[in-house]
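This is what each chain is made of:
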Amino acid sequence: MLNSFYAKLSGLFLVMIVGLGVVLAVLGGRTAQRYADEVEQKLNRTLAEEMVPRFEPLLKDSIDRAGIREKIEDMTGINRRIEIYLLDRQGALKASFASPSAAIEQKTIEMAPIRRFMKGDDLPILGDDPKDRAEKKPFSVAHIEIMGQAHCYLYVILGSEQYASVAGMIEDSYIIQGALTGFGIILLVVAGLGLLLFRRLTQRLRNVQHVVATFEQGDFDQRIDESANDEIGQLAACFNRMADTLVDTMEELRQADRMRRELVANVSHDLRSPLASIQGYLETVHMKDGSLDPEERQRYVKTALHNAQRLSDLVGELFELSKLETKQVEPTIESFPIAELVQDIVMQYEPQAEKQKIDLHAEVPERHARVAADIGLVERALSNLIDNAIHYTPGGGQVRVRLDNREQEVCVEVEDTGPGIPEDDLPHIFERFYRVDKSRDRDKGGAGLGLAIAKTILELHDRPLQVESTVGEGTTFRFCLPVATATSRPTEH
Ligand code: ADP
C-alpha cells in the first residue's frame, strides 16, 4: 500500500502542504510583527521629543535617576511598553531606565538607524535594543542636553518585551489566532480535496493496471475505457489498439496454422491417390506379366504414366504456388503488347478446344496497348483461366478472351458458357485445393491450385482477380493491368 503510486503522490502532496503552511505562517508572523513595529513607531514617532522637556530639568547638573524614574512611572502608567535610555553623542549608554529585572547586554547603540530616524526617513527603522543583542526594535529618539552637553540622545525603545517573539504575538492576538485557524482550515480542506482528487486519478491508473493484468492472464476481450482525452485516455487507446492487433495477429496465426494443417492433409491426399494408382497398375503389370495381352499391358502402363504426369504436375504447381506465396518470385515488370500474348495463348489452346468441340476466340481491339507487368507470370495466370474455361465448358460451348483498352489500364476477360459456379462456392474458389466438385475425381478437374496461383500472381502486381458467374449460364474472370508509360522499364534483380 505504501509503495502505491497514490501513497507516494499523497505523501509528497501532504509534505508540500505542511511545508507551505509552515512557510506561510512564518512569513505571515514576521509580516505581522513588522507591521506592528511600523504602527507602533509611527504612532510614537514624536514620543522621545515630547519627553525631552520633562527630563531635561532633571539632567542639568547630574542625572537625577530617582526623579526620572518617577516621571517614567507616571508615563508608563499610560504606556507600559516603553523603555528609556540616555545616550551620549556616539551612542554610548549614559543611563538606562529599563525595568530593573532586565539585564543590559549592549552598552553602545548603533548610530546609523538613529541618524536615519532623525533625518526623517521612512518608517519603520529598527534600532539596537540594549537588553537584547539579537533583536532589533522600533524606537523613538530625540536630542537632549545632559549636564550641559548638547546633542546627547533620549532613546526610547517601543514595544519593549511585548512582541519579542512571533509566538508571543500569536498568543496575544485574537485576530492573528483567528487568521491562523482559518488558514489551517483552508490547508486542511485543500489537503483533503487534493487527496480525493489523487484517489480519483490513481483509480483510473488502477483500472488500467487491472485490465492489463486480466488481459495478460488470457482474457483477450478486456479493453480499457478510453473516453477521457488525457494521457491516461491516450494510454488506454494505445493499449486497446495494441490488444486488437494482438488478437488479430493471434487469429491470423491460428488461421495460418489451420490452413497449414489442411494443406498437409490435402497434399497427402492428393499425392496418395495417384501414387496408389501408379503402384496398383505397375503391380498388376508385374504380377500378371505373362498372362496380359499387349493391349491390356499398354493400357495399364499408360494409366500409370498418366497418373505419374498428374503427380508431377501437382508437385510442380505446389512448388510454384509456394514460391509465389513466400515472395521468392519477384515480378519483373516490363512493357509488352498484351494483345500478342493473348493471341499466342489462345493459339496454344486451340487444339485442345477443338478436341472438346469448344469455340475458342480472342477478341482483341485494333489498337494494341502495351501493359507494364511480368510477362511470364501474366502468361501463367491467363493460361490457368483459359485452361479452366475450356476444361469446365461442355462441348458445343464458347470461350471468349476479350481485351478492353481503358485510359489507364487494359482489362482481360475470360468468359465461358460453362456450368457456372454456385454463389456459395464463389468466395472460396481462389483458396488452395478448393474445388466446387468435392469428389476429387481427378478427371473432372485439377488439384484446385490453378486459381490460387492466378490470384497470387495478380496480387504480386497489386491487382485483383475478379469473377462473375451464373449457374447454368457461364463464368467470367477479369483482371486489369496498368498501361505501360514511357518510364516503365524492366525491374532489375
Ligand atoms: P482446378 O485445378 O480444380 O481447376 P482451380 O483452382 O483452377 O482448380 O479452380 C478451382 C475450382 O473452381 C475448380 O475446381 C472449379 O470447380 C471451379 N472453376 C474454376 N474455373 C471455372 C470455370 N471457368 N467454370 C466453372 N467452374 C470453375
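Residues numbered from 1 in each chain as written. Predicted model: local features only at pLDDT ≥ 70, side-chain atom pairs only at ≥ 80, totals over all residues. Heavy atoms only, no water.

1. Quick look at the overall build of the protein
Along its length, the protein carries 11 helices and 12 strands. C-alpha extents for the protein along the principal axes are approximately 170 × 55 × 40 Å. For the protein, with 493 residues in total, the buried portion stands at 37%. The long-range share in the protein, meaning contacts at least 24 apart out of those at least 6 apart in sequence, stands at 66%. Each charge class in the protein was averaged separately, 58 positive and 78 negative side chains, and the resulting centres sit 7 Å apart. (Helix = DSSP H or I, 4+ residues; strand = E, 2+ residues; numbered from the N terminus. Buried < 20%, exposed > 50% of the residue type's maximum accessible area, 1.4 Å probe, protein only. Contact = heavy atoms within 4.5 Å. Lys, Arg positive; Asp, Glu negative; His and termini not counted. Charge placed at Lys NZ, Arg CZ, Asp CG, Glu CD.)

2. Remarks on the packing of helix 10 (residues 375–392) against helix 11 (residues 450–460)
At their nearest, the axes of helix 10 and helix 11 sit 9 Å apart, and the two run at 145° to each other. Every pair of crossing elements has a handedness; the one defined by helix 10 and helix 11 is left-handed. Side by side, helix 10 and helix 11 meet where Leu377, Val378, Arg380, Ala381, Asn384, Leu385 and Asn388 of the first sit next to Gly450, Leu451, Ile453, Ala454, Ile457 and Leu460 of the second. The residue makeup of the contact of helix 10 with helix 11, split by class, is nine nonpolar, three polar and one charged. (Axes fitted to C-alpha atoms, helices over the stretch in contact; angles between N-to-C directions. Left-handed = near helix turned anticlockwise from the far one by under 90°. Nonpolar A, V, L, I, M, F, W, Y, C, P; charged D, E, K, R; others polar.)

3. A short note on unusual backbone geometry
Backbone geometry follows two general trends: most residues other than glycine have a negative phi, and most peptide bonds adopt the trans configuration. With an omega of 5°, the peptide bond running from Leu123 to Pro124 counts as cis. Here Pro124 lies in the loop between helix 4 (111–119) and strand 3 (126–129). A positive phi angle is found at Met147, which is not glycine, with a value near 45°.

4. Topic: the sheet that holds strand 1 (residues 82–87)
In spatial order, the strands read 2-1-5-4-3; together these five strands make up an open sheet with antiparallel pairing. Single-partner strands in this sheet number two, and they are strand 2 (93–96) and strand 3. Neighbour to neighbour, the strand axes of the sheet diverge by 45° on average, direction disregarded. Here four bridges tie strand 3 to strand 4 (residues 132–146), and the two strands are oriented antiparallel to one another. Bridging from a neighbouring strand, Gly127 pairs with Lys137 of strand 4. (Pairing = 2+ DSSP bridges.)

5. Some details on the pairing of strand 2
Alignment of strand 1 against strand 2, held across three bridges, turns out to be antiparallel. Across the sheet, residue Tyr85 finds its bridge partner in strand 2, namely Ser96.

6. Some points on the confidence of the model for the protein
Parts of the prediction with low pLDDT should not have their coordinates interpreted in detail. Residues of the protein with pLDDT of at least 70 account for 92%, and the chain-wide mean is 87. Contacts for the low-pLDDT stretch residues 489–493, under 50 throughout, to residues beyond four places or in other chains number nine contacts. (pLDDT = per-residue confidence, 0-100.)

7. A look at helix 6 (residues 174–216)
Residues separated by three or four positions in an α-helix point in the same direction, a consequence of the helix having 3.6 residues per turn. For helix 6, which comprises 43 residues, the first-to-last C-alpha distance of 62 Å matches the rise-based estimate of 63 Å (1.5 Å per residue) to within 8%. For helix 6, the full list of buried residues reads Leu187, Ala191, Gly194, Phe198, Thr202, Val208, Val211, Thr214 and Phe215. On its buried face, helix 6 is in contact with helix 1 (5–43) and helix 7 (231–287). One or two steps after helix 6, the chain reaches Gly218, where phi turns positive at roughly 115°. (Expected span 1.5 Å × (residues − 1).)

8. Quick word on the packing of aromatic side chains
Throughout the structure, instances matching the rule amount to seven aromatic pairs. Between Phe139 and Tyr155 the ring centres are 5.2 Å apart and the planes differ by 40°, which places this aromatic pair in the tilted class. Of the two residues, Phe139 is situated in strand 4 and Tyr155 in strand 5 (residues 149–158); the sequence distance between them amounts to 16 residues. Tyr155 shares its class with Phe139; the two are buried. Judged by centre distance (5.5 Å) and plane angle (55°), the rings of Tyr281 and Tyr300 are tilted. (Phe/Tyr/Trp six-rings, centres within 6.5 Å; stacked < 30°, edge-to-face > 60°.)

9. Comments concerning the sheet that holds strand 9 (residues 398–405)
Across the sheet, which stays open at both edges, the five strands sit in the order 7-9-10-12-11 with mixed pairing between neighbours. Here the strands that pair on one side only, and so sit at the sheet edges, are strand 7 (359–363) and strand 11 (466–470). Neighbour-to-neighbour, the strand axes of the sheet open up by a mean angle of 10°, direction not taken into account. Sheet topology places strand 9 next to strand 10 (residues 409–416); seven bridges connect them, and they run antiparallel. Across the sheet, the residue bridging to Arg402 is Glu413, located in strand 10. Across the sheet, helix 10 touches strand 7, strand 9, strand 10 and strand 12 (474–482), and the angle it forms with strand 10 is around 25°.

10. Observations regarding the pattern of salt bridges
It is possible for side chains bearing opposite charge to pair when their charged atoms get close. Throughout the structure, instances matching the rule amount to 25 salt bridges. A salt bridge links Lys137 to Asp129; the nearest nitrogen and oxygen atoms lie 2.7 Å apart. Taken individually, Lys137 and Asp129 each receive the classification buried, so the pair is uniform in this respect. Each of Asp359, Glu363, Arg400, Arg402, Glu413, Glu415, Glu468 and Arg478 takes part in one network of salt bridges that share partners. (Salt bridge = Lys/Arg side-chain N within 4 Å of Asp/Glu carboxyl O.)

11. So, the nonpolar core
Here is a general trend for soluble globular proteins: nonpolar side chains tend to be buried in one another's company. The biggest cluster of nonpolar side chains holds 52 residues, and the ones touching the most others in it are Ile338, Leu360, Ile386 and Phe479. Among the secondary structure elements, those contributing two or more residues to this core are helix 8 (294–325), helix 9 (338–355), strand 8 (370–373), helix 10, strand 9, strand 10, helix 11 and strand 12. Residues within four places of Leu360 in sequence aside, it is in contact with Val346, Tyr349, Glu350, Ala353, Ile386, Ile390, Val399 and Val401. Formed by 23 residues, the second largest nonpolar core is a distinct cluster that contains Leu47, Ile72, Leu86 and Leu158. (Core = buried A, V, L, I, M, F, W, Y, C linked by side-chain atoms within 4.5 Å.)

12. Some thoughts on a nonpolar patch on the surface
On the surface, a cluster of nonpolar side chains totalling about 340 Å² of accessible area is made up of Leu20, Val23, Leu24 and Leu27. Residue position: Leu27 is located in helix 1. (Patch = residues over 30% accessible without salt bridge, like charges linked within 9 Å, V, L, I, M, F, W, Y side chains within 5 Å. Areas by Shrake-Rupley, 256 points an atom, 1.4 Å probe, with all protein chains shown as cover.)

13. Some remarks on the site of the ligand
The immediate surroundings of the ligand are formed by 17 residues, with Asn388, Tyr392, Asp416, Gly446 and Leu451 found nearest. The separation between an oxygen atom of the ligand and a polar side-chain atom of Tyr392 is 2.8 Å. In the complex, the protein chains occlude 95% of the 520 Å² of accessible area that the ligand would expose alone. With three residues, helix 10 is the single largest residue contributor to the shell around the ligand. Here the shell around the ligand is built from residues that sort into 10 nonpolar, five polar and two charged. (Near = heavy atom within 4 Å. Polar contact = N/O pair within 3.5 Å; in protein donor to acceptor, adjacent residues only side chain to side chain.)

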